[in-house]
Amino acid sequence: MKRLLLFLATGIVLSVNAVAQQPVNWTESDRAHLLAELTRSRDELTRETKGLSEKQWNFRDSSQSWSINQVIEHLSIWELLFQREISQALVGGPQPALQQKQQPDSVKLRFLLEEQPHITTEYTKPFTFSMPMGINTGENNTQWFLKMRNESLSYLLTTGEDLRAYYLKEGRGSIHQIYISIYGHTDRHLRQIRKIKANLQYPK
């Protein structure tokens, strides 16, 4: 009996040690990269929208196009959706085995930055909540965006979690890749904002 208890106790210790010695794949270089890109894209968005008049915020060159106000609202909605996904992945606990199945970071970013149009409702079926309504002011939408982005930056600055080990489910990226999606999505719509401002009919 004593031998059995000793064997079980040894097994428990070895299991605990194995968990404790799991390699940490999210590096300080990863942290620095996300902090730099999330800060850069936030600051570029702030510069592009600083001091806009009401007409500039709400200019649309057609009934099918978005205004800058709507673009910021859309970004804020997705910032919220991404943060919820991160929260759920953290609650679910680390799943390091899924790292072997994930796509490279570059694939995630390339998808977001491609020139091909993305239809936002294709990713939220059967609902349309990611479509901006344009009924809030541009300044308020910007404050909404900045609140969430700054909370993400604060979290990334201090977290000790291995963000390459947390997944919402198989087939989705790690938390690290969700943050790549966040800044890549911002860059995609910064390109859209610059096109709006370059329109010859854009209010001066």
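Cut-offs used in this document
Residues numbered from 1 in each chain as written. Predicted model: local features only at pLDDT ≥ 70, side-chain atom pairs only at ≥ 80, totals over all residues. Heavy atoms only, no water. Salt bridge = Lys/Arg side-chain N within 4 Å of Asp/Glu carboxyl O. Helix = DSSP H or I, 4+ residues; strand = E, 2+ residues; numbered from the N terminus. Buried < 20%, exposed > 50% of the residue type's maximum accessible area, 1.4 Å probe, protein only. Axes fitted to C-alpha atoms, helices over the stretch in contact; angles between N-to-C directions. Parallel < 35°, antiparallel > 145°, perpendicular 65-115°, else oblique. Left-handed = near helix turned anticlockwise from the far one by under 90°. Contact = heavy atoms within 4.5 Å. Nonpolar A, V, L, I, M, F, W, Y, C, P; charged D, E, K, R; others polar. Phe/Tyr/Trp six-rings, centres within 6.5 Å; stacked < 30°, edge-to-face > 60°. Expected span 1.5 Å × (residues − 1). Core = buried A, V, L, I, M, F, W, Y, C linked by side-chain atoms within 4.5 Å. Polar contact = N/O pair within 3.5 Å; in protein donor to acceptor, adjacent residues only side chain to side chain. pLDDT = per-residue confidence, 0-100.

Novice: Which residues make up the pattern of salt bridges, and what are the values?
Specialist: Side chains that differ in sign of charge can pair as their charged atoms come close. Per the stated rule, a full pass over the model turns up 16 salt bridges. In this structure, Arg194 and Glu48 form a salt bridge, with 2.9 Å as the shortest nitrogen-oxygen distance. Here Arg194 is found in helix H7 (residues 175–198), whereas its partner Glu48 is found in helix H2 (residues 28–49), with 146 residues between them in sequence. Of the residues examined, Arg194 reaches a relative accessible area of 37% and is grouped as partly exposed. Residue Glu151 is joined to Lys147 by a salt bridge in which the shortest nitrogen-to-oxygen separation is 2.9 Å.

Novice: Kindly report on the packing of H2 against helix H6 (residues 138–158), identifying the contributing residues and their values.
Specialist: Where H2 contacts H6, the two axes come as close as 10 Å, and the packing angle between them is 165°. Between H2 and H6, the angle falls in the class roughly antiparallel. Taken as a pair, H2 and H6 cross one another with a handedness that is left-handed. When H2 is examined against H6, the residues Arg31, Leu34, Leu35, Leu38, Thr39, Ser41, Arg42, Leu45, Thr46 and Thr49 are found in contact with a partner set consisting of Thr142, Phe145, Leu146, Arg149, Asn150, Leu153, Leu156, Leu157 and Thr158. Across the contact of H2 with H6, the residue classes break down as nine nonpolar, seven polar and three charged.

Novice: Report on the packing of aromatic side chains, specifying residues and quantitative values.
Specialist: Taken as a whole, this structure holds four aromatic pairs when the rule is applied. A ring pair is formed by Trp78 and Phe82, whose centres lie 5.5 Å apart and whose planes are at 45°; its orientation type is tilted. One end of the pair is Trp78 and the other is Phe82, both in helix H4 (residues 68–92) and four residues apart, which spans about a single turn. Comparing Trp78 with Phe82 shows no difference in burial state: the two are buried. Measuring from ring centre to ring centre gives 6.4 Å for Phe111 and Tyr123, while their planes differ by 80°; the resulting arrangement is edge-to-face. One end of the pair, Phe111, is in helix H5 (residues 105–113); the other, Tyr123, is in the loop between H5 and H6, and 12 residues separate them in sequence. Residue Phe111 is classed as partly exposed on the basis of its relative accessible area, which comes to 38%.

Novice: Before we move on, can you summarise H7 with the specific residues and values?
Specialist: Relative to the 34 Å expected for 24 residues at 1.5 Å per residue, H7 spans 35 Å between its end C-alpha atoms, a close match to the ideal helical length. Here H7 lies mainly inside the structure; 18 of its 24 residues are buried.

Novice: Describe unusual backbone geometry, with residues and values.
Specialist: Residue Pro126 is reached from Lys125 by a cis peptide bond, and omega for that bond is 5°. Residue position: Pro126 is located in the loop between H5 and H6.

Novice: Go over the nonpolar core, please, and point to the residues and values.
Specialist: Ranked by internal contacts, the top residues of the largest apolar core, which has 18 residues, are Leu34, Leu38, Ile86, Leu156, Ile175, Tyr179 and Ile182. If you list the elements that add at least two residues to this core, you get H2, H4, H6 and H7. Tallying contributions element by element places H7 first for this core, with six residues. For Tyr179, the contacting residues outside a window of four places in its chain are Leu34, Leu38, Ile86, Ser152, Tyr155 and Leu156. Residues Leu45, Phe59, Trp66 and Ile72 belong to the second largest nonpolar core, which totals 15 residues.

Novice: Let's hear about the environment of Trp144: which residues, and what values?
Specialist: The residue Trp144 is located in helix H6 in this model. For Trp144 and Ser76, which are 68 residues apart along the polypeptide, the C-alpha to C-alpha distance reads 6.4 Å.

Novice: I'd love a proper account of the side chain of His176, names of residues and values included.
Specialist: Take His176: it is sitting in helix H7. A polar contact is formed between the side chain of His176 and the side chain of Arg164, at a distance of 3.1 Å. When neighbours within four sequence positions are excluded, His176 is seen to be in contact with Trp26, Asp30, Leu34, Asp105, Leu163 and Arg164.

Novice: Tell me about the confidence of the model for the protein chain, and name the residues and values.
Specialist: Residue-level pLDDT values for the protein chain average 88, and 88% of them are 70 or greater. Per-residue pLDDT, averaged within each element of the protein chain, yields its smallest value for helix H1 (residues 2–20) (42) and its largest for H2 (98). Confidence over residues 4–21 falls short of pLDDT 50; this stretch has zero contacts with residues more than four positions distant or in other chains.

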